[in-house]
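Chain and residue survey
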Amino acid sequence: MPRLPQPPTFTQETLQLYPAVAELDASRGVIATPVDELGGLDPAKRVTLARLAGLHGRYISPLDDVSETHDAPLELLPEDFANGSVENIQNGLIIYSWDDRLRHPGLEQFIRIHGRGNWGMPGVVFPSNEFKTVARSPRDLAAHTMAQTREANKDNTAESDEEIEAKVGRSAGHAILGKMTEMKKLDDAMELKRATLLMPLMREAHSNLTRHWQAHYLPKNIDALRKQYDEELHDTIETAAINADVSRAVLNATHRAVTSNLYRRGSSRELAQNWVAYLRMSREYIQARRREIAASGKLCTQELQLYQQFLDAPTRNAA
C-alpha cells in the first residue's frame, strides 16, 4: 500500500538542521559538488576513488565528530547506519521464498516469475520505471490485447469473421513481440550499466585495497563515474524502501548514512572496502533483475508460438 502522509509534529521550537543535513536531504544523499571545488587535486594527475571520496566527505562537513557509531554533522546514530547497511538495503530488493513477506499480497513492484529451471529463485522488487515492462505475463497481455482488438472491430463489416480473427491473433503476437523488444532494451541497458559503470568502479575500488595500489583516472573522469553511481545507488535505496513501513525522515537518514559510509567513515582503505560492498550489491541487484527478465522472455517465446501462424500468414492488404 502507498504510505500515508506523516502527521505533523509540533514543538515549542523548531530545531535547525546542520547545513549538510539539509543539503543531503534535498538531494537524497547524492553529492554533486564539482570536483574542481574540492581543492587538493591536480586536474592533470590521476586520483584514486578512495582519495576522491574522502575529499568529498570532508567537503560536506568536518570529520571531527565521526566514528563507527555516529556522524554528528550528518545527525546519524547507530540505527541509521543499520538501516543504510548493504544487508538491509538488499533485503528490501531481493526477497527469498522463505521470507514471511511473501505471505502478504500487498508487495509492490515485486516480480517472481516461475518457469522451468527458475523454481526456488528469489523474487525481486523492481524500480518503478522498469516494473511495467517485465511484470505483465505474456498470456495476460495477449488476452487483453485480443479483447481490445475484438472490441475495436465489433462493427467491422468490411472484413469476414476469419479476417477479423486473424487480425486478433496478429495483435496478440505483436503485443508479445513488443514486450520482448522492450525487455531486450532494458536488459541491454542493465548490461551496459554493469560493464561501463559498476565494473570500472569496482576494479578501481579493489585496486585501492591492494598493496601496490594505483590510480587509473583523472579527477574529472573518476568523479563523473562516482556521481553517476551515487545517483544509481540512492535511487536503489528508494526502491528498497517501497515495502518498508518507514517515514520520510527515516529514509532521509538512511540516505545520509550511506553517504557517510562511502565518503566519511574510516580511512581510505575502509572507504574503498565500503565502495566494494555497495558496488557488489548493485551488481547482484542487476543480476537478479536480469534473471527475471530472462524467465519472462522464455514465457514470451512459449506464448508467441500460439500466434506465430497469424504473424506468418499474408494479410489482405499485403503487396
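Positions within a chain are numbered from 1, following the residues in the order the chain's sequence is written. Residues qualify for local features only when their pLDDT is at least 70, as the model is predicted, and side-chain atom pairs are given and counted only at 80 or more; totals for whole chains, interfaces and linings, by contrast, use all residues. Side-chain measures were taken over the full set of non-hydrogen atoms in the model, leaving aside hydrogen atoms and water.

1. Let's talk about the sheet that holds strand 1 (residues 94-95)
How we decide: Here, a strand pair is defined by DSSP locating no fewer than two bridges between the strands. Only DSSP runs of H or I reaching four residues or more are called helices, and only runs of E reaching two or more are called strands; each is numbered from the N terminus. Whether two residues touch is decided by their heavy atoms; if any such pair falls within 4.5 Å, the residues are in contact. Inter-axis angles, ranging from 0 to 180 degrees, are taken between N-to-C directions of lines fitted to C-alpha atoms, where helices are fitted over the stretch in contact.
Spatially, three strands are ordered 1-3-2 in an open sheet, and the strand pairing comes out antiparallel. Strands with a single pairing partner mark the edges of an open sheet, and in this sheet they are strand 1 and strand 2 (110-111). Judged from the two bridges that link them, strand 2 and strand 3 (residues 123-125) form a sheet pairing that is antiparallel. Bridging across to strand 3, Phe110 finds its partner in Val125. On top of the sheet, helix 10 (residues 268-304) reaches strand 1, strand 2 and strand 3; it is set at about 115° to strand 3, its chief contact.

2. Section: helix 1 (residues 19-27)
Let me state the cut-off plainly: Working definition: with a 1.4 Å probe on protein chains only, accessible area under 20% of the residue-type maximum means buried, over 50% means exposed, and in between means partly exposed. Taking the helix axis as origin, the arc is that swept by the directions to the C-beta atoms.
Residues of helix 1 that are buried: Ala20, Val21, Leu24 and Asp25. One face of helix 1 carries all of its buried residues, which in axial projection span an arc of 130°. Along helix 1, exposed side chains directed more than 90 degrees from the buried face belong to Pro19, Glu23 and Ala26. The secondary structure elements touched by the buried residues of helix 1 are helix 2 (49-60) and helix 9 (248-263). Two residues or fewer after helix 1 comes Arg28, characterised by a positive phi angle close to 55°.

3. A word on the nonpolar core
So the rule is basically this: The definition of a nonpolar core used throughout is a set of buried Ala, Val, Leu, Ile, Met, Phe, Trp, Tyr and Cys residues joined through side-chain atoms within 4.5 Å.
Counting 66 residues, the largest nonpolar core has Ile89, Val134, Leu201, Tyr229, Leu233, Trp275 and Tyr278 as its most contacted members. For this core, the element with the highest residue contribution is helix 10, accounting for 13 residues. Not counting the four nearest positions on each side in its chain, Leu201 is found in contact with Leu49, Ile222, Leu225, Arg226, Tyr229 and Leu279.

4. Remarks on the environment of Trp98
Take Trp98: it is sitting in the loop between strand 1 and strand 2. Note on Trp98: relative accessible area 66%, which makes it exposed. Placed 24 residues apart in sequence, Trp98 and Pro122 show a C-alpha to C-alpha distance of 9.1 Å.

5. Regarding the pattern of salt bridges
The line we're drawing: Only one rule defines a salt bridge in this text: a Lys or Arg side-chain nitrogen within 4 Å of an Asp or Glu carboxyl oxygen.
With the rule as written, the count across this model stands at 21 salt bridges. As a salt-bridge pair, Asp25 and Arg256 come within 2.8 Å of each other at their nearest N and O atoms. With Asp25 in helix 1 and Arg256 in helix 9, this pair connects stretches of sequence that are 231 residues apart. The exposure classification of Asp25 matches that of Arg256, with both residues buried. Salt-bridge contacts for Asp100 lead to Arg103; the nearest nitrogen and oxygen are separated by 3.6 Å. Owing to a relative accessible area of 46%, Asp100 belongs among the partly exposed residues under this scheme. Connected via shared salt-bridge partners are Asp187, Glu191, Arg194 and Arg290.

6. Some words on the packing of helix 2 against helix 8 (residues 219-240)
The line we're drawing: The labels follow the angle: roughly parallel below 35 degrees, roughly antiparallel above 145, roughly perpendicular from 65 to 115, and oblique for the rest. The hand of a helix crossing depends on one turn: near helix anticlockwise from the far one by less than a right angle means left-handed, and clockwise means right-handed. Nonpolar residues are Ala, Val, Leu, Ile, Met, Phe, Trp, Tyr, Cys and Pro. Charged residues are Asp, Glu, Lys and Arg, and all others, Gly as well, are polar.
The interhelical angle for the contact between helix 2 and helix 8, taken along N-to-C directions, is 70°, at an axis separation of 10 Å. What the angle tells us is that helix 2 and helix 8 run roughly perpendicular. Relative to helix 8, helix 2 is oriented so that their crossing is right-handed. On the side of helix 2, the interface is formed by Leu49, Leu52 and His56, while helix 8 contributes Ile222, Asp223 and Arg226. Here the residues of the contact of helix 2 with helix 8 sort into three nonpolar, one polar and two charged.

7. Some thoughts on the packing of helix 2 against helix 9
Relative orientation and spacing of two packed helices are given, respectively, by the angle between their axes and the distance between those axes. Remark: helix 2 packs on helix 9, axes separated minimally by 8 Å, with the N-to-C direction vectors making an angle of 130°. In terms of axis orientation, helix 2 runs oblique to helix 9. Note on element contacts: helix 9 touches helix 2 through Thr259, Leu262 and Tyr263, opposite Ala53, Gly54, His56, Gly57 and Ile60. Among the residues making up the contact of helix 2 with helix 9, the classes are represented as four nonpolar, four polar and no charged.

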